[in-house]
Amino acid sequence: MIRNPILPGFHPDPSICRVGDDFYLASSTFEWFPGVPIHHSRDLKHWRLIGHALTRCSQLELHGVSDSGGVWAPSMSHADGKFWLIYTNLRNTGMGRPFKDIKIYLTTAERAEGPWSDPVELDSIGFDPSLFHDDDGRKWLVNMEWDFRKGRYRFAGIVIQEFDVSAGKLVGERKKILHKENILTEGPNLYKHDGWYYLMLAEGGTGWNHGISAARSRSLLGPYELDPQASVMTTRDDYGHPLQKSGHGELVETPAGEWFLAHLASRPVGFERRCTLGRETCLQRVKWVGGWLRLEQGGHSPSVEIEEPAGLEPHPWPAVAERDDFDGKALDPSWQSLRVPVDESWVDLVSRPGWLRLRGRESMHSLFDQSLLAKRLTCHRATAMTVLEFEPDHYTQMAGLTCFYNSANFYCLRVTHDESRGKVLGITLTDKGSYDELGDSEINGWKQVHLKAEIDRDTLRFSASPDGRDWRQVGPVMDFTTLSDEHAAGFTGAMVGIAVQDLADREMAADFDFFELKIQG
């Protein structure tokens, strides 16, 4: 069996395609750099990260983008011997405001691992588009249209326009092919099957009302008739289902002719039903029934477990190491930074072999130049540990272990300097933009500081040790669910990592010997 989610943790808006016997999956990264992780599988059950599509500032400029801005809903396809990736970069998410500053780009690659080309800019009419490759060789950008005008419903319908490959631009008339009055409809994908054009849509927003709907037409440009079943898939009417918010998906066909739907879902924890892991990638079996797409098990609720595909041999990958000892000359691709790429100006794996040296820059509230590296939290119970050597001489300098959602919602167990007490250890936290500090304690004489974060569903405990053996709890037990889509009003998920700041602009460095993120089920 395949158990959902197939990509746990912050992996929303999955886009899936097949090339021969290989399956590839891309997902959103928002303000995190590099952009768009690419996962690879041979059996749809076991997946491995093979890199990212957007690794250069020429492909992705995130400096100053708002929290949950940046890369929204990439759509990856394969045609004409290469990969095509459409992605959205939102500089301003427009949360609660009528305007969004949107740019849509296209990049291509011969191999999913890259390198991916510098992008071609397309349009700014909406977000979450896809590229449809028709049988006649023509290509079409399918998008939603955003209407900012007073008194207008923002989701103004689905539009399509031809993309001219040789000219590298959109050509001809942009045509609206579907409009649902006062219904939040986005993330369109087109498929051709048995002479029909099928339009698959993300509907109802990304929260509890999320789902997937469909329409079809004999002609690419319509008119499109709506699926008589309101939702191909949703959990909006099933409060207790473990895969909440199910929606936004793409289809893939196996060599044996079986169809699967990759989609996002969230697993809430706690009394307030908060999703600390963000939106995760799941997989469903689907089939064509009476000319419409249906879940194989019937109904419109997703399954937690599905049967493995026929004709594909199991293909597990080597287990991912829980501990990073920083022994290489480059960071493991599972690490992500905020808004800017990793470079030698602030990340150093060479000066002290076996250690990661981070040079402090702006604060963790910054939207520009943070010295922060983090990994996705992929399970509701986990322990993160690190050890650092750091000798700050000013209160503006700090380094430590962070549990992070965005610049307005995070916890940090950090070492800093106090004028009267010297080196001190304590917790800083930011909740919906409000900054706070939990009492510092002196740690003079601690050459090394071992830091630990223990996450147990809805709680977080920090502890510290001078030697990795004699641990003491730091601060109270805290509410981990503040690092959730619901509390933080975002689209990402909890991350765990390390951070350094130096607001005195002296680039004070902290050395980290290792980082371990141990999943506990």
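One structure accompanies this document, and this report is about it. Note that the structure is predicted; figures quoted are calculated from it, not measured.

## A look at the pairing of strand β23 (residues 292-295)
Put simply, side chains in a regular strand alternate between the two faces of the sheet.
Step number 1: Burial along β23 is two-sided: Trp-292 and Arg-294 and Leu-293 and Leu-295, pointing in opposite directions, are all buried.
Step number 2: Sheet topology places strand β22 (residues 280-289) next to β23; four bridges connect them, and they run antiparallel. Considered in β23, the bridge of Val-289 is made with Trp-292.
Step number 3: Between β22 and β23, which follow one another and run antiparallel, lie two residues, and Gly-290 among them has a positive phi close to 60°.

## Topic: the environment of Ala-453
Step number 1: Considering the arrangement of structural elements, one finds Ala-453 in strand β35 (residues 449-456).
Step number 2: With a relative accessible area of 0%, Ala-453 lands in the buried category.
Step number 3: Taking the C-alpha atoms as reference points, Ala-453 and Gly-69, separated by 384 residues in sequence, lie 28 Å from one another.
Step number 4: Excluding residues that lie within four positions of it along the chain, Ala-453 makes contacts with Ala-382, Thr-383, Ala-384, Leu-401, Cys-403, Leu-460, Arg-461 and Phe-462.

## Some words on the side chain of Thr-482
Step number 1: As for its placement among the helices and strands, Thr-482 is situated in the loop between β37 (472-479) and α1 (485-488).
Step number 2: A polar atom in the side chain of Thr-482 sits 3.2 Å from the backbone oxygen of Asp-479.
Step number 3: Leaving out residues up to four positions away in the same chain, Thr-482 has contacts with Arg-274, Asn-409, Tyr-411, Asp-431, His-487 and Ala-488.

## Looking at the sheet that holds strand β34 (residues 434-442)
Step number 1: Strand order across the open sheet formed by eight strands is β4-β26-β29-β38-β31-β32-β33-β34, with antiparallel pairing between neighbours. A strand with exactly one partner marks an edge of an open sheet, and here the two such strands are β4 (32-33) and β34.
Step number 2: Relative to strand β38 (residues 495-502), strand β29 (residues 371-376) runs antiparallel, the two being bridged by six bridges. Looking at β38, one finds that Leu-372 is bridged to Ala-499.

## Concerning the layout of surface pockets
Step number 1: One number sums up the size of the largest pocket: a volume of about 1200 Å³.
Step number 2: Forming the walls of the largest pocket are 35 residues, and the residues nearest its centre are Pro-8, His-39, Trp-47, Val-320 and Thr-378.
Step number 3: Elements with a minimum of two residues in the lining of the largest pocket: β1 (2-3), β5 (35-41), β6 (48-54), β25 (323-324), β29 and β39 (509-519).
Step number 4: Counted by class, the lining of the largest pocket contains 17 nonpolar, eight polar and 10 charged residues.
Step number 5: Put simply, the second largest pocket is a space of about 690 Å³.
Step number 6: In this structure, the second largest pocket is lined by 26 residues; those nearest its centre are Ser-77, His-78, His-133, Leu-190 and Tyr-191.
Step number 7: Elements with a minimum of two residues in the lining of the second largest pocket: β2 (15-19), β7 (70-79), β11 (130-133), β15 (185-193) and β20 (244-253).
Step number 8: Counting residues per element, the lining of the second largest pocket draws most heavily on β7, at five residues.
Step number 9: Of the residues in the lining of the second largest pocket, the class split is 11 nonpolar, seven polar and eight charged.

## A look at the pairing of strand β32 (residues 409-418)
Step number 1: With 10 of its 10 residues buried, β32 lies for the most part within the structure.
Step number 2: Of the two faces of β32, the one holding Asn-409, Tyr-411, Leu-413, Val-415 and His-417 and the one holding Phe-410, Cys-412, Arg-414, Thr-416 and Asp-418 are both buried throughout.
Step number 3: Pairing between strand β31 (residues 397-406) and β32: eight bridges, direction antiparallel. Across the sheet, the residue bridging to Ala-399 is Val-415, located in β32.

## Side note on the environment of Ser-75
Step number 1: Position of Ser-75 among the secondary structure elements: in strand β7.
Step number 2: For the pair Ser-75 and Ser-27, spaced 48 residues apart in sequence, the C-alpha to C-alpha distance is 8.2 Å.
Step number 3: Apart from the residues lying within four places of it in its own chain, the contact partners of Ser-75 are Ser-15, Trp-84, Leu-85, Ile-86, Pro-129, Ser-130, Asn-189 and Glu-250.
Step number 4: Looking at Ser-75, its side chain comes within polar contact range of the side chain of Glu-250, at 3.0 Å.

## Things to note about unusual backbone geometry
Step number 1: The residue after Asn-4, namely Pro-5, is reached through a cis peptide bond having omega 0°.
Step number 2: Counting through the fold element by element, Pro-5 comes out in the loop between β1 and β2.
Step number 3: Cis geometry marks the peptide bond from Gly-114 to Pro-115; its omega dihedral reads 5°.
Step number 4: The residue Pro-115 is located in the loop between β9 (101-109) and β10 (120-121) in this model.
Step number 5: One non-glycine residue, Leu-44, lies in the positive phi region at around 70°.
Step number 6: Residue placement: Leu-44 occurs in the loop between β5 and β6.
Step number 7: Phi is positive for Arg-273, which is not a glycine, with a value near 55°.
Step number 8: Relative to the assigned elements, Arg-273 resides in the loop between β21 (259-266) and β22.
Step number 9: The buried category is assigned to Arg-273, whose relative accessible area is 15%.

## Quick look at the packing of aromatic side chains
Step number 1: One pass over the full model with this rule turns up 21 aromatic pairs.
Step number 2: Aromatic ring contacts, followed pair by pair, group Phe-10, Phe-30, Trp-72, Phe-127, Trp-146, Tyr-153, Phe-155 and Phe-491 into a single cluster.
Step number 3: The cationic tip of Lys-100 hangs over the ring face of Trp-146; the distance from NZ or CZ to the ring centre is 4.8 Å.

## Digging into the sheet that holds β10
Step number 1: Read from one edge to the other, the open sheet built from four strands follows the order β7-β8-β9-β10, with strand pairing classed as antiparallel. Two strands lie at the open edges of the sheet, namely β7 and β10, each paired on one side alone.
Step number 2: With nine bridges joining them, strand β8 (residues 82-92) and β9 adopt antiparallel strand pairing. Bridging from a neighbouring strand, Leu-85 pairs with Thr-107 of β9.

## Comments concerning the pattern of salt bridges
Step number 1: If you walk through the whole model with that rule in mind, you get 36 salt bridges.
Step number 2: A salt bridge links Glu-305 to Arg-3, with the nearest nitrogen and oxygen atoms 3.4 Å apart. Taken together, the positions of Glu-305 in strand β24 (residues 305-306) and Arg-3 in strand β1 put the pair 302 residues apart, joining distant regions of the chain.
Step number 3: Judged by relative accessible area, which is 40%, Glu-305 ranks as partly exposed.
Step number 4: The class for Arg-3 is exposed, based on a relative accessible area of 54%.
Step number 5: With its nearest N and O atoms 3.5 Å apart, the salt bridge here joins Asp-348 to Arg-359. With a gap of 11 residues between them, Asp-348 in strand β27 (residues 347-348) and Arg-359 in strand β28 (residues 356-359) connect regions that are remote in the sequence.

Basis of the calculations
Residues numbered from 1 in each chain as written. Predicted model: local features only at pLDDT ≥ 70, side-chain atom pairs only at ≥ 80, totals over all residues. Heavy atoms only, no water. Buried < 20%, exposed > 50% of the residue type's maximum accessible area, 1.4 Å probe, protein only. Helix = DSSP H or I, 4+ residues; strand = E, 2+ residues; numbered from the N terminus. Pairing = 2+ DSSP bridges. Contact = heavy atoms within 4.5 Å. Polar contact = N/O pair within 3.5 Å; in protein donor to acceptor, adjacent residues only side chain to side chain. 1 Å grid on protein atoms, 1.4 Å probe; cavity = no way out; pocket = protein on both sides within 12 Å on 5 of 7 lines; lining within 4 Å. Points joined across faces, edges and corners; volume = space filled by probe spheres on them. Nonpolar A, V, L, I, M, F, W, Y, C, P; charged D, E, K, R; others polar. Phe/Tyr/Trp six-rings, centres within 6.5 Å; stacked < 30°, edge-to-face > 60°. Lys NZ or Arg CZ within 6 Å of the ring centre and 35° of its normal. Salt bridge = Lys/Arg side-chain N within 4 Å of Asp/Glu carboxyl O.

These results come straight from atomic positions and should not be treated as a statement about function.
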